[in-house]
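Below are the chains, spelled out letter by letter.
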Amino acid sequence: MKAIVFDEIGSPRDVLYLDDIPVPQVSDGEALVRMVSASVNPGDFLFIQNLYPEPKKPHFPRQTAGNHGAGIVEAVGANVMLEPGTLVAFSYYNSWAEYSVVPAEWLIPLPAGYPIERAGQLVNPITAWDLLADSRVQPGQWLAVTAGYSSISTMVMQFAQRRGINVIAIVRRRHQSLDLKELGAAAVLDLSDLKTGIRDAVIEITGSAGLSGVIDHVGGPVSGELIRTLALGGQMVINGGMSAERFELHNFDVLLSSVEIRANIYRYFSSPPVEADRPVLREIIDIFGQPGFHVPVGGIHPLAEFKLAVTNSLDRADLGKQMFRM
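What comes next is a walk through the structure. All values derive from a computational prediction rather than experimental measurement.

### Observations concerning the overall build of the protein chain
Per the secondary structure count, the protein chain includes ten helices and 16 strands. A compact globule built from 326 residues should have a C-alpha radius of gyration of about 20 Å, and the protein chain, at 20 Å, falls within 12% of that. Overall, the C-alpha framework of the protein chain stretches about 60 × 40 × 40 Å when taken along its three principal axes. Within the protein chain, counting contacts between residues at least 6 apart in sequence, those at least 24 apart form 67% of the total. Entry remark: accessible area of the protein chain is about 14600 Å², with carbon and sulfur atoms responsible for 50%. Computing the positive centroid from 26 side-chain charges and the negative centroid from 35, the protein chain places the two 3 Å apart.

### Let's talk about a nonpolar patch on the surface
Where nonpolar side chains cluster on the molecular surface, the patch consists of F247, L249 and I261 and spans about 210 Å² of accessible area. Counting through the fold element by element, F247 comes out in the loop between β13 (230–238) and α8 (251–255).

### With respect to unusual backbone geometry
Backbone torsion omega between E54 and P55 reads 5 degrees, so that peptide bond is classified as cis. Relative to the helices and strands, P55 is located in the loop between α2 (42–48) and β4 (63–64). Backbone geometry places S208, a non-glycine residue, at a positive phi of 75 degrees. The residue S208 is located in the loop between α6 (198–205) and β12 (211–216) in this model. The backbone of S258 shows a phi angle near 50 degrees, a positive value even though the residue is not glycine. Residue placement: S258 occurs in the loop between α8 and β14 (260–263). Since its relative accessible area comes to 48%, S258 is described here as partly exposed.

### Overview of the pattern of salt bridges
Think of it this way: side chains of opposite charge can pair up when their charged atoms draw near. On inspection of all chains with the given rule, the structure shows ten salt bridges. Put simply, R62 and D19 hold a salt bridge, and the shortest N to O gap is 3.4 Å. Highlighted residues: R62 in the loop between α2 and β4 and D19 in strand β2 (residues 17–20), separated in sequence by 43 residues. On the accessibility criterion, R62 (41% relative accessible area) is partly exposed.

### A closer look at the nonpolar core
Soluble globular proteins: nonpolar side chains tend toward being buried together. Counting 77 residues, the largest nonpolar core has L16, W96, L143 and L180 as the members making the most contacts within it. Apart from residues no more than four positions distant in its own chain, L143 is found in contact with L132, S135, V137, V156, I165, N166, V167, I168, L211, G213, V214 and I215.

### Some details on the environment of Q49
With respect to the element layout, Q49 can be found in the loop between α2 and β4. Sequence-distant contacts of Q49, defined by excluding residues within four places in its chain, comprise I9, G10, S11 and P12.

### Observations concerning helix α9 (residues 278–289)
Here α9 contains twelve residues, and its C-alpha end-to-end distance of 16 Å stays within 8% of the 16 Å for a straight helix at 1.5 Å per residue. Buried-residue contacts for α9 involve β8 (108–109), α3 (116–119), α4 (123–135) and α5 (151–162).

### Observations regarding the environment of N67
Along the polypeptide, N67 turns up in the loop between β4 and β5 (68–76). The spatial distance from the C-alpha of N67 to the C-alpha of E182 is 30 Å, given a sequence separation of 115 residues. N67 has contacts with G43, D44, F47, K56, F90, S91, Y92, Y93 and S95, leaving out every residue within four places of it along the chain.

### Focus on the side chain of K321
Tracing the chain through its elements places K321 in strand β16 (residues 321–325). Here K321 is buried and forms no salt bridge, its nearest opposite-charge partner D44 lying at an N-O distance of 6.9 Å. One polar contact links the side chain of K321 to the main-chain carbonyl oxygen of V40, over a distance of 3.0 Å.

### Some remarks on the pairing of β12
The buried count for β12 comes to six of six residues, which makes it a mostly enclosed element. Strand direction decides the pairing type here: strand β9 (residues 142–145) and β12, joined by three bridges, are parallel. Paired with V145 across the strands is I215, a residue of β12. Where β12 lies against β13, five bridges are found, and the strand directions are parallel. Bridging across to β13, V214 finds its partner in M236.

### Let's talk about the packing of α4 against α9
If you want to describe how two helices pack, look at the angle between their axes and the distance between the axes. It is at 10 Å that the axes of α4 and α9 come closest, and there the two elements cross at 115 degrees. The angle between the axes of α4 and α9 places the two elements in the roughly perpendicular class. Crossing geometry of α4 relative to α9 is assigned as right-handed. Taken together, the residues of α9 that come into contact with α4 (itself represented by P125, I126 and W129) are V280, L281, E283, I284, I287 and F288.

The rules behind the values
- Residues numbered from 1 in each chain as written.
- Predicted model: local features only at pLDDT ≥ 70, side-chain atom pairs only at ≥ 80, totals over all residues.
- Heavy atoms only, no water.
- Helix = DSSP H or I, 4+ residues; strand = E, 2+ residues; numbered from the N terminus.
- Rg over C-alpha atoms; globule rule 2.2 N^0.38 Å.
- Contact = heavy atoms within 4.5 Å.
- Areas by Shrake-Rupley, 256 points an atom, 1.4 Å probe, with all protein chains shown as cover.
- Lys, Arg positive; Asp, Glu negative; His and termini not counted.
- Charge placed at Lys NZ, Arg CZ, Asp CG, Glu CD.
- Patch = residues over 30% accessible without salt bridge, like charges linked within 9 Å, V, L, I, M, F, W, Y side chains within 5 Å.
- Salt bridge = Lys/Arg side-chain N within 4 Å of Asp/Glu carboxyl O.
- Buried < 20%, exposed > 50% of the residue type's maximum accessible area, 1.4 Å probe, protein only.
- Core = buried A, V, L, I, M, F, W, Y, C linked by side-chain atoms within 4.5 Å.
- Expected span 1.5 Å × (residues − 1).
- Polar contact = N/O pair within 3.5 Å; in protein donor to acceptor, adjacent residues only side chain to side chain.
- Pairing = 2+ DSSP bridges.
- Axes fitted to C-alpha atoms, helices over the stretch in contact; angles between N-to-C directions.
- Parallel < 35°, antiparallel > 145°, perpendicular 65-115°, else oblique.
- Left-handed = near helix turned anticlockwise from the far one by under 90°.

Written as structure tokens, this is what we have:
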């Protein structure tokens, strides 16, 4: 089968290559999944660069790339209740390939006919759902989201709009190809066209209310400014670090506003779904599959076009999510 693999740690631009490798063999408790789609995510790049903690580490001499995807169950080992032919999504390993073997406990069954370009990136709406919950922002309050054009940010906006939460989408520069207000943003803050400080701009937008929460995918000085703009008891939820720069804070920036800074770790990063998750997963899957829920897909590629998919994901977030279709 074809698979995108790497045999050394490094930049995904440099170490990935397409190879022919054996179809994996299924064992007890596992399912062989014929992949139909897989998403390209920042977390996949962290994995390739060996930046994740244990147990999320590559294994050599050859590691298949990709941690999220969807496919059709082809065969199952002993003690697996899933029927062959079931469409499933998963967050595990080895998704950038034509076949993957996955422990059955990690598989999330999907309705037959579910859009495969959405099935292959189920990690994103689950993350967006949890980020919004972690922010603790209530209806009528204000939430800022950095990397406004990223897939997760646009999903946060749409979930937030359904709950009556006001979102400020923060972007490095506006792109005419995607109107974030149509996706639920109450305001868009273009950093390239900022005439005042970030705090002053936010105070003006919010009518002096300030921010009750921030979801940050970027880091750098902007993050420090947003923390200092949080209202009493506000939350900063960190979900990424796209900027190489750091931010600075004084203890009083946190203490005097009773601000909480917390990390969001994907709920299935190190452990599989549990039975108690099923109701919320069904709700997320239902909303995410609706035609009215906008999912900007910036490119659907065969595995052979992995270089283009990686480059677009790294350099052109405004295009939308890059996907593989097998």
